[in-house]
Amino acid sequence: MLELSAVTAGYEPRRPVLRDIDLDVEQGESVGLLGPSGCGKSTLARVAALLHRPESGHVVVDGETVHDWRYRAPRELRTAFGVVFQQPRLSADPRLRLAALIAEPLRAVGRTGEIPRRVEELAATVGLGAELLARRPHEVSDGQLQRACLARALVLRPRYLVCDEMTAMLDASTTAALVAVVEDYRRESGAGLLAVGHDRTLLERWCGRTVHWSQLTGDRGGDRAQDLEPAGRTAPGTA
Amino acid sequence: MTPDAPATPDPVLAVRGLSVRFRMRGDTFVRAVTDASFDLRLGECLALVGESGCGKSVLASALLGLLPGNAETAGSAHLGDTDLMTAGENVLARSVRGRRIGLVPQSPAAHLTPVRTVRSQLEETVRELTGPPRAEVRAAAERAAERAAFPADHLDRHPHELSGGLAQRAATALALIGDAPLLLADEPTTGLDRDLVERTVDELKRHTGDSRALLMITHDLAAAERIADRVAVMYAGRIVEIADAGDFFGARGPRHPYAGRLLDALPEREFTPIPGMPPELTALPDGCAFAARCTRATERCDRLPAFENSVACHHTLEVQRA
Ligand SMILES: Nc1ncnc2c1ncn2[C@@H]1O[C@H](COP(=O)(O)OP(=O)(O)OP(=O)(O)O)[C@@H](O)[C@H]1O
Ligand code: SF4
Ligand SMILES: [Mg+2]
């Protein structure tokens, strides 16, 4: 189980964008987190994926308490997460061909021998042909790049997937297709999912359980005038 | 669009037979846009929709003269007297981008200059495009922010300190500064929640008014339904249907089978992806590009369907229904 308890986090001292949040995701469970733009849900997603150190509170992953975040987090913990952000261009190294992009986390953990087979498998799963795999990010569309980013998130077979507005830039059919990829993976692997977004129809259709941000904050949060959460910039599995 | 409508003024934008291909390694070509034709009139909003990678953004880049060096184009796109396809970079940079076409970009956070605050970017654009007296630049930039509902107390932030929604509004504010007659919005509502989507597109529609035209590229069919007068559906680089938005989203529904399946993929409808993938744009089939995924395909579909009566299909949905 992924447990967040009493998490307070932000970007400037004494100006937390979220306060005292509790949220659990069981193994195999899919949780949709709904909230308005700028409420802090992306920040919470980054804390959950060990990409942002909270000011206070606890994160426990399958019984193991997290003490360090980002590149300082122990490898077994870091690699337990696959993360997909809203804007693939911000989390894709522009120099890498899509095949190398998908393989990035494997290379980072030194499992280079698995690269050819895994990239081939995952490219088929997310629907990228050989021709697209040889291109660089600026030579593909956003949807094509997001397919590659989803493949990258799955390449280490994570125990938890954190999808922050994964489909916000995608058309209806690509959205349905990528959601199906995530769900197939979960069914087969038993992974847990935290899907963050603001499309109620989508999250309710996708996830077993949806919670609204206001339920987590007791209506304290969601101050849209604040609108402080920055767009995710860290590439998962790199660092 | 009606045949016996009173003489309509010239369109703001007239696109004819526009094609874009990218030359790739080994002399293959990515045919990103093929033979696109449409008009856009004053006061009109045209929504361009279609599956990821179908060529929407490339079409927008072509209109702006922002294609990369390996692109080759054919056809024309007249903005008034200027053919955007043949105008030189000088003309495009000096008198088209920002001044006659305002661009609301697809990845606002990536489009904004990362090392500079929103205020300084707005002020620079104000100086460049409207050249007001020095003392008024600051106020003009603040008004620009206001028009796009960008909060004044965030003006001194850098792009990475903004949520997706705020970055989008900053980009919209930049696009409106030059008072261009054509607004080109590439996915202007990406990452916004429903309230903000509605506010943003209503705002774009309001800015369009009677004195501008809006070309909105979007994957958000609800946003398109909300403000579009007409809808153009793109598939594998071709426009396969252009329809009145009321008809398209209403009882009549789409006429092209692909458009029908795209609507069905919505989570409020079937939530089923269209099986398979669009063809690689390096190896387009000779016939209808949708045939491999189309349940209505017949032998006739091995021949390319002509774009007639606003749709390119041998077996349109209404014909079968009638
Ligand atoms: N510089 C380039 N070189 C080669 N191919 C390119 C280049 N830029 C785009 N393409 C290809 O052109 C096609 C159209 O891309 P485009 O960005 O217009 O898609 P889109 O319809 O905007 O998709 P999305 O909804 O995902 O943004 C895609 O197949 C893409 O891979
Ligand atoms: S032309 Fe044929 S294959 Fe193409 S969309 Fe129409 S029915 Fe389907
Ligand atoms: Mg695009």
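Residues numbered from 1 in each chain as written. Chains lettered and ligands numbered in written order. Predicted model: local features only at pLDDT ≥ 70, side-chain atom pairs only at ≥ 80, totals over all residues. Heavy atoms only, no water.

**Focus on the site of ligand 2**
In step 1: What surrounds ligand 2 is a group of 13 residues, the closest being Cys288(B), Cys294(B), Cys301(B), Cys313(B) and His314(B).
In step 2: Looking at the shell around ligand 2, its residues break down into nine nonpolar, three polar and one charged. (Near = heavy atom within 4 Å. Nonpolar A, V, L, I, M, F, W, Y, C, P; charged D, E, K, R; others polar.)

**A look at the pattern of salt bridges**
Residue and element names in this part refer to chain B.
In step 1: For the structure shown, the criterion picks out 37 salt bridges over all chains.
In step 2: With a closest N to O distance of 3.0 Å, Glu72 and Arg21 form a salt bridge. Of this pair, Glu72 sits in strand β4 (residues 71-79) while Arg21 sits in strand β1 (residues 13-23); the two residues are 51 residues apart in sequence, bridging distant segments of the chain.
In step 3: The class of Glu72 is partly exposed, set by a relative accessible area of 27%.
In step 4: Across the pair Arg226 and Asp202 runs a salt bridge, and its minimum N-O distance is 2.8 Å. Of this pair, Arg226 sits in helix α8 (residues 221-227) while Asp202 is found in helix α7 (residues 194-208), placing the two residues 24 residues apart along the sequence.
In step 5: The exposure class assigned to Arg226 is partly exposed, which follows from its relative accessible area of 41%.
In step 6: A residue is classified by how much of its surface remains accessible, and Asp202, at 32% relative accessible area, is partly exposed.
In step 7: Each of the salt bridges in this network shares a partner with another, and the network as a whole consists of Arg21, Arg23, Asp27 and Glu72. (Salt bridge = Lys/Arg side-chain N within 4 Å of Asp/Glu carboxyl O. Helix = DSSP H or I, 4+ residues; strand = E, 2+ residues; numbered from the N terminus. Buried < 20%, exposed > 50% of the residue type's maximum accessible area, 1.4 Å probe, protein only.)

**What to know about helix α1 (residues 41-48) of chain A**
In step 1: When you tally the buried positions in α1(A), you get eight out of eight residues, the bulk of the element.
In step 2: Positive backbone phi, at 65 degrees, marks Leu50(A), one or two positions downstream of α1(A).

**So, the interface of chain A and chain B**
Where interface size is quoted, it is often the accessible area lost as the parts come together.
In step 1: Each side of the interface is counted separately: chain A has 48 residues, and chain B has 43 residues.
In step 2: Where chain A abuts chain B, roughly 3,600 Å² becomes buried across the two surfaces, and 51% of that area is made up of carbon and sulfur atoms.
In step 3: At the boundary of chain A and chain B, one finds one salt bridge.
In step 4: In this structure, Arg157(B) engages Glu12(A) in a salt bridge whose closest nitrogen and oxygen atoms are separated by 3.9 Å.
In step 5: Within the residue set of the side of chain A that touches chain B, elements represented by two or more residues are α5 (130-133), α6 (142-154), α7 (172-189) and α8 (200-206) of chain A. (Contact = heavy atoms within 4.5 Å. Buried area = accessible area lost by both parts, 1.4 Å probe.)

**Remarks on the packing of helix α4 (residues 118-130) of chain B against helix α5 (residues 137-147) of chain B**
Residue and element names in this part refer to chain B.
In step 1: Interaxial distance between α4 and α5 falls to 9 Å at its minimum, and their mutual angle equals 110 degrees. Between α4 and α5, the crossing angle belongs to the class labelled roughly perpendicular. Contacts from Arg119, Leu122, Glu123, Val126 and Arg127 in α4 reach Val137, Arg138, Ala140, Ala141, Glu142, Ala144 and Ala145 in α5.
In step 2: Its residues assigned to classes, the contact of α4 with α5 shows seven nonpolar, no polar and five charged. (Axes fitted to C-alpha atoms, helices over the stretch in contact; angles between N-to-C directions. Parallel < 35°, antiparallel > 145°, perpendicular 65-115°, else oblique.)

**Some details on the sheet that holds strand β7 (residues 160-164) of chain A**
Residue and element names in this part refer to chain A.
In step 1: Across the sheet, five strands lie side by side as β6-β7-β8-β3-β9; this open sheet has parallel pairing. At either end of the open sheet lies a strand with only one pairing partner, and these are β6 (81-84) and β9 (209-212). For this sheet, the mean inter-axis angle between neighbouring strands, taken without regard to orientation, is 15 degrees.
In step 2: Two elements, β7 and strand β8 (residues 192-197), share five bridges in a ladder whose sense is parallel. Among the inter-strand pairings, Leu161 is bridged to a residue of β8, identified as Leu193.
In step 3: Contacts from α1 reach β3 (30-34), β6, β7 and β8, with the element oriented near 155 degrees to β8.
In step 4: Of the strands in this sheet, β3, β7 and β8 touch α7, which is tilted by about 155 degrees from β8. (Pairing = 2+ DSSP bridges.)

**Topic: the side chain of Lys56(B)**
All names here are of chain B.
In step 1: Summarising the element assignment, Lys56 is placed in helix α1 (residues 56-64).
In step 2: Despite its burial, Lys56 remains without a salt bridge, the nearest opposite charge being carried by Glu187 at 4.8 Å.
In step 3: Here the side chain of Lys56 touches Glu51 through a polar contact of 3.3 Å, landing on its backbone oxygen.
In step 4: When sequence neighbours within four positions are dropped, the list of residues in contact with Lys56 reads Leu48, Val49, Gly50, Glu51, Glu187, Ile217 and Met234. (Lys, Arg positive; Asp, Glu negative; His and termini not counted. Polar contact = N/O pair within 3.5 Å; in protein donor to acceptor, adjacent residues only side chain to side chain.)

**Remarks on the sheet that holds strand β7 (residues 182-186) of chain B**
Either a parallel or an antiparallel arrangement is found when strands of a sheet pair, and the pairing is made through backbone hydrogen bonds.
Residue and element names in this part refer to chain B.
In step 1: Reading across from one edge, β6-β7-β8-β3-β9-β10 is the order of the six strands in this open sheet, with mixed pairing throughout. Strands at the two margins of the open sheet, each flanked by one partner only, are β6 (101-104) and β10 (238-244). Direction aside, the axes of adjacent strands within the sheet are offset by 20 degrees on average.
In step 2: Taken together, the four bridges between β6 and β7 define a ladder with parallel strand orientation. Residue pairing across strands places Val104 opposite Ala185, the latter belonging to β7.
In step 3: Relative to strand β9 (residues 230-235), helix α10 (residues 257-264) is tilted by about 100 degrees, and along the sheet it contacts β3 (45-50), β9 and β10.

**Some remarks on the domain arrangement of chain B**
Residues and elements named next belong to chain B.
In step 1: Here chain B is partitioned into domain 1 (9-100 + 182-196 + 213-317) and domain 2 (109-179).
In step 2: One C-alpha centre belongs to domain 1, the other to domain 2, and the line joining them spans 29 Å.
In step 3: If you look at the interface, domain 1 gives ten residues, while domain 2 gives ten residues.
In step 4: In total, about 660 Å² of surface goes out of reach between domain 1 and domain 2, with carbon and sulfur atoms giving 53% of it.
In step 5: One can count zero salt bridges joining domain 1 with domain 2.
In step 6: Linking domain 1 with domain 2 are one residue pair in polar contact (both at pLDDT 80 or more), by the criterion used here.
In step 7: Partitioned by chemical class, the residues of the side of domain 1 that touches domain 2 number four nonpolar, four polar and two charged. (Domains from an automatic or database assignment.)

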